[in-house]
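Single-letter residue listing:
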Amino acid sequence: MKKNSWQLENTYSELPDTFYNLQAPIPVKKPELVLFNESLAYDLGLDFLKKEKAKIADYFSGNKVPKGATPISQAYAGHQFGHFNMLGDGRAILLGEQIDSIGNRFDIQLKGSGRTPFSRGGDGRATLYSMLREYLISESMHFLGIPTTRSLAVVSTGEQVYRGPIHEGAVLTRVASSHIRVGTFEFARNFGSIEELKSLTDYTIQRHYPKIVKTENPYLELLKVVMYEQIDLVVNWMRVGFIHGVMNTDNMSICGETIDYGPCAFMNAYHPKTVFSSIDTNKRYAFVNQSYIAHWNLTIFANALLPLFSNHEEKAVKLAKSLLNEFQNRFLDQWYSMIFNKLGIVNPNKKDQVLVNDLLILMEEYKTDYTQLFIALEKNQALDESLFEQEEFKSWTQAWKHRNPDLEQMKKYNPRIIPRNHWVENALDAGVDGDMIPFKNLLELLSNPYDSKPDELIYEKTPVDFDASYQTFCGT
Ligand code: AMP
Ligand code: MG
């Protein structure tokens, strides 16, 4: 296979045309390259772009469409905060699927690339602030070892974007195993024929889970593998304290990647109900609710696939229900083994679950930093936190030490550095003012999250009360 050139295919547009609109990105006034992810470009076989610096901003603003691209906006629907809506790419264009040197297929999508037939009332654009935010956090998730879409470039547009205040506009290039979502299936089920639903499902199985093609009921098997992927993903989020913030069904990717970095944030002080999103007033997408919501979203997915499970509706429902009923036990098993890993408990027994539960109760009561706590245990160093003065915690620590924790193993599961909210904001504020140095410094630290050096310690602390008033926003 030829390396280091555009190798675009467009298999998605071989689906029935209900699933997309042919749509070129809308050119921008003055494209300027703000960020380019050279190592990702290398992995994708797009390294040659380095020699064409002037063209990078053109490609990744949408002003120049690469050879072999068939730009489309994708149709999808979704449940947003529990309510069904027709959505679709209102501000994104899929250029095509880049094939890397070993044959892997990646969607190359421009986000903030102008109006499409799905824009509804929106302007099709995005702010520099929020595209920098997506770049920073998605790349950080990648380095934390969590499946995610990646960020290849940010290009400012030289255009203003109105969101109350005026912002500078930007386009982010998002790289994903695909952009097929639960909402894509809801779209097919609600607005398409059974044949169209089947063609989307067959395509998805071929693209992401070819191993299940030959199983007895591949459609039911799809529900199962997607459920397993989602469980793994949410457990991984909970390992590092990540709160997605807007787990609507259109923001849940079928291939198990984290997608759509809107109001996401990382938890500092441990509290299961932590929420930062300004619009999530009912705490629907709180830290601890993420597993319940994944299950809820999978029920919506199952409902969309129902006619494919069996010709008999009753039987189809029964099959789906019995599978979805496995969710809770599987999630809990995975979640406990993740926490045992964080605590270095190698051969867990039933009593260890009590040990975990007791620790979380104490952490919640004393508002302990979720990331720092595990590092402190591993290093056998007290934190400057009230938890460490408590007799209850001292006896908990004794009980934990009796379990002979594997301290080396803990290092692999407990990040030293996470994108702390105040550092993220600090880097983004400087970035929109034209100073990308704090952003690049932070990204550099975040790209090695399990390995800390002493001078990085300031990145591990959160200013008192910062989080109490911290809010994140959607759709900016
Ligand atoms: P999100 O909150 O990014 O998941 O977006 C939800 C839906 O709103 C998707 O259909 C987006 O394409 C659409 N959307 C968000 N922002 C805009 C915008 N500025 N212009 C048009 N559509 C948008
Ligand atoms: Mg979305």
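Look up: the structure comes first, before these words.
Residues numbered from 1 in each chain as written. Chains lettered and ligands numbered in written order. Predicted model: local features only at pLDDT ≥ 70, side-chain atom pairs only at ≥ 80, totals over all residues. Heavy atoms only, no water.

Enquirer: Give a description of the overall build of the protein chain that names residues and reports values.
Expert: On a plain count of helices and strands, the protein chain comes out with 15 helices and twelve strands. The globule rule puts the C-alpha radius of gyration for 476 residues at 23 Å, and the 23 Å found for the protein chain is close to it. Oriented by its inertia axes, the alpha-carbon framework of the protein chain measures out at about 65 × 60 × 45 Å. For the protein chain, the share of sequence-separated contacts (at least 6 apart) that also reach a separation of at least 24 residues comes to 71%. Of the charged side chains in the protein chain, 50 are positive and 58 negative, and the gap between their average positions amounts to 3 Å. (Helix = DSSP H or I, 4+ residues; strand = E, 2+ residues; numbered from the N terminus. Rg over C-alpha atoms; globule rule 2.2 N^0.38 Å. Contact = heavy atoms within 4.5 Å. Lys, Arg positive; Asp, Glu negative; His and termini not counted. Charge placed at Lys NZ, Arg CZ, Asp CG, Glu CD.)

Enquirer: Pulling in residues and values, what's your account of the coordination of the magnesium ion (ligand 2)?
Expert: Protein-derived ligands of the magnesium ion (ligand 2) are Asn251 (OD1) and Asp260 (OD), with the metal-ligand distances lying across 1.8 to 2.2 Å. The exposure classification of Asn251 matches that of Asp260, with both residues buried. (Donors = N, O, S within 2.8 Å, 3.2 Å for Na, K, Ca; no water. Buried < 20%, exposed > 50% of the residue type's maximum accessible area, 1.4 Å probe, protein only.)

Enquirer: Before we move on, could you go through the packing of aromatic side chains and cite the residues and values that matter?
Expert: Applying the stated criterion across every chain, the model contains 25 aromatic pairs. Arranged with centres 6.1 Å apart and planes meeting at 50°, the rings of Trp6 and Phe60 form a pair that is tilted. Of this pair, Trp6 sits in the segment before β1 (8–9) while Phe60 sits in the loop between α2 (53–59) and β4 (72–74); the two residues are 54 residues apart in sequence, bridging distant segments of the chain. Taken as a pair, Trp6 and Phe60 share a single burial class, namely buried. (Phe/Tyr/Trp six-rings, centres within 6.5 Å; stacked < 30°, edge-to-face > 60°.)

Enquirer: Quick rundown of the side chain of Ser13? Include the residues and the values.
Expert: Here Ser13 shows up in the loop between β1 and β2 (20–22). Residue contacts for Ser13: discarding those within four places in its chain leaves Tyr20, Thr70 and Ile72.

Enquirer: Tell me about the site of ligand 1, and please be specific about residues and values.
Expert: Near ligand 1, the surroundings consist of 17 residues, among which Gly88, Gly90, Asp123, Gly124 and Asp260 are the closest. In this structure, Arg120 approaches ligand 1 through a side-chain N or O atom, which is 3.1 Å from an oxygen atom. Side-chain polar atom of Asp260 to an oxygen atom of ligand 1: 2.9 Å apart, as the coordinates give it. Relative to its unbound accessible area of 480 Å², ligand 1 is 84% covered by the protein chains. Considering only residue class, the shell around ligand 1 consists of two nonpolar, seven polar and eight charged. (Near = heavy atom within 4 Å. Polar contact = N/O pair within 3.5 Å; in protein donor to acceptor, adjacent residues only side chain to side chain. Areas by Shrake-Rupley, 256 points an atom, 1.4 Å probe, with all protein chains shown as cover. Nonpolar A, V, L, I, M, F, W, Y, C, P; charged D, E, K, R; others polar.)

Enquirer: Hey, could you go over helix α3 (residues 128–143) for me, with residue numbers and the actual values?
Expert: Here α3 spans 23 Å end to end across 16 residues, near enough to the 22 Å set by a 1.5 Å rise per residue. Burial analysis of α3 places 13 of its 16 residues in the buried class, which makes it a mostly covered element. Two residues or fewer after α3 comes Gly145, characterised by a positive phi angle close to 85°. (Expected span 1.5 Å × (residues − 1).)

Enquirer: I'd like a description of unusual backbone geometry, backed by residues and values.
Expert: Positioned with a positive phi, Lys283 is a non-glycine residue whose angle comes to about 60°. Tracing the chain through its elements places Lys283 in the loop between β12 (265–266) and α7 (290–309). Despite not being glycine, Asn380 has its phi angle at roughly 55°, a positive value. Within the element layout of this structure, Asn380 appears in the loop between α11 (370–379) and α12 (391–401).

Enquirer: Lay out the side chain of Thr368 with the relevant residues and their values.
Expert: Mapped onto the fold, Thr368 is located in the loop between α10 (350–365) and α11. On the accessibility criterion, Thr368 (0% relative accessible area) is buried. Setting aside residues no more than four positions away along its own chain, Thr368 makes contact with Asn268, Ala269, Tyr270, Leu362, Met363, Leu373, Glu385 and Leu387.

Enquirer: Before we move on, can you summarise the packing of helix α5 (residues 194–208) against α7 with the specific residues and values?
Expert: Where α5 contacts α7, the axes come no closer than 10 Å and their chain directions differ by 105°. Here α7 runs roughly perpendicular to α5, going by the angle between their axes. The segment α5 lies against α7, with Ile194, Leu197, Lys198 and Thr201 engaging Ala304, Leu305, Pro307 and Leu308. Class assignment of the residues belonging to the contact of α5 with α7 gives a composition of six nonpolar, one polar and one charged. (Axes fitted to C-alpha atoms, helices over the stretch in contact; angles between N-to-C directions. Parallel < 35°, antiparallel > 145°, perpendicular 65-115°, else oblique.)

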